[in-house]
Amino acid sequence: MAKKISLIFLNLLVFTFILPFGAFAEADGFGDLKWGTYISTLEDLRYVRTDPNYGGIEIYSREGDELKFVDHELKSLEYGFWQDKFYSVSMKFQGDVNISSFVEKFDLGYKPDSLIERYVWSSELTRMLLEYSEASREWSLFISSKEINIQQIKYDSEKVRSSIKVGLKQKR
């Protein structure tokens, strides 16, 4: 178990503190988990809840995770699985976030709206969204698989098409 925790910590160190965003994004996952890893292959997860989006994203936490990212203390670190495959990581930060530390580690993210504290990074494999919620007064970071997100959008489109067909048949 200690060896596994050491390996997780080493991977987190490499992927979060050493590599710039481009390299981090091309790492094809987060820490020792690759995007698309089947949940059945993992043992150290604890079920948290199900997000209803895209037919259901199961959210888990992992035992032994260090609650720290880019020199910031975390309130939570959660992993999302869609159709039993690893899809995302979500973090909530304790206290204020120093935006310049993210700029230093990942280059300047795209800021779609100057009035909202939201920064977006995207690459071929990974997307990151850092934002501040006035309502909860906390920063959160969402990292996800671009490929699985495309599959989710297709899933939603197919559901909408199917609903429209059912609705049209009922009108007849």
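As a further point, take the overall build of the chain. Secondary structure summary: the chain contains 4 helices and 10 strands in total. The secondary structure elements of the chain, listed N-terminal to C-terminal, are α-α-β-β-β-β-β-β-β-α-β-β-β-α. Out of the 172 residues in the chain, the part that is buried amounts to 38%. Looking at the chain alone, contacts between residues at least 24 apart form 49% of all its contacts between residues at least 6 apart. Surface accessibility of the chain: about 10300 Å² in total, with carbon and sulfur atoms responsible for 53%.

So, about the layout of surface pockets. In this structure, the largest pocket occupies an estimated 340 Å³ of space. Along the walls of the largest pocket sit 20 residues, with Ile 57, Tyr 87, Ser 88, Phe 142 and Ser 144 positioned nearest its centre. Elements that contribute at least two residues to the lining of the largest pocket include exactly β3 (45–51), β4 (57–62), β6 (72–82), β7 (85–93), β9 (126–133) and β10 (138–145). Ranked by the residues each element gives to the lining of the largest pocket, the list is headed by β7, at 4 residues. Along the lines of polarity and charge, the residues of the lining of the largest pocket split into 10 nonpolar, 6 polar and 4 charged.

This part covers the environment of Leu 42. Looking at the element boundaries, Leu 42 is found in the loop between β2 (33–34) and β3. In sequence terms Leu 42 and Arg 62 are 20 residues apart; their C-alpha atoms lie 9.7 Å from each other. If we ignore the near neighbours within four places in the chain, the residues touching Leu 42 are Leu 33, Thr 37 and Phe 81.

With that out of the way, let us pick up the confidence of the model for the chain. Mean pLDDT over the chain works out to 77, with 69% of the residues at or above the 70 mark. Contacts of residues 1–23 to residues separated by more than four positions or lying in other chains number 39 contacts, the stretch itself having pLDDT below 50.

Looking now at the pattern of salt bridges. Throughout the structure, instances matching the rule amount to 6 salt bridges. Residue Arg 62 is joined to Asp 32 by a salt bridge in which the shortest nitrogen-to-oxygen separation is 2.8 Å. Pair noted here: Arg 62 is in strand β4 and Asp 32 is in the loop between β1 (29–30) and β2, with a separation of 30 residues, a long-range link. Put simply, Glu 78 and Arg 49 hold a salt bridge, and the shortest N to O gap is 3.1 Å. You can see Glu 78 sitting in strand β6 and its partner Arg 49 sitting in strand β3, a full 29 residues away along the chain.

Turning to the nonpolar core, a few remarks are in order. Of all hydrophobic cores here, the largest spans 25 residues; its most connected members are Phe 30, Phe 69, Met 91 and Ile 143. Taken together, the elements giving at least two residues each to this core come down to β6, β7, β8 (118–122), β9 and β10. Ranked by size, the runner-up nonpolar core spans 5 residues in total, among them Ile 57, Ile 59, Tyr 87 and Ile 148.

Two strands pair when backbone bridges link them, and β8 and β9 are joined in this way by 5 bridges, in the antiparallel orientation. What sits directly across from Trp 121, in β9, is Met 128. Hairpin connection between β8 and β9: a loop of 3 residues separates the two successive antiparallel strands. Pairing of β9 with β10 involves 8 bridges; the strand directions are antiparallel.

Calculation rules
- Residues numbered from 1 in each chain as written.
- Predicted model: local features only at pLDDT ≥ 70, side-chain atom pairs only at ≥ 80, totals over all residues.
- Heavy atoms only, no water.
- Helix = DSSP H or I, 4+ residues; strand = E, 2+ residues; numbered from the N terminus.
- Buried < 20%, exposed > 50% of the residue type's maximum accessible area, 1.4 Å probe, protein only.
- Contact = heavy atoms within 4.5 Å.
- Areas by Shrake-Rupley, 256 points an atom, 1.4 Å probe, with all protein chains shown as cover.
- 1 Å grid on protein atoms, 1.4 Å probe; cavity = no way out; pocket = protein on both sides within 12 Å on 5 of 7 lines; lining within 4 Å.
- Points joined across faces, edges and corners; volume = space filled by probe spheres on them.
- Nonpolar A, V, L, I, M, F, W, Y, C, P; charged D, E, K, R; others polar.
- pLDDT = per-residue confidence, 0-100.
- Salt bridge = Lys/Arg side-chain N within 4 Å of Asp/Glu carboxyl O.
- Core = buried A, V, L, I, M, F, W, Y, C linked by side-chain atoms within 4.5 Å.
- Pairing = 2+ DSSP bridges.

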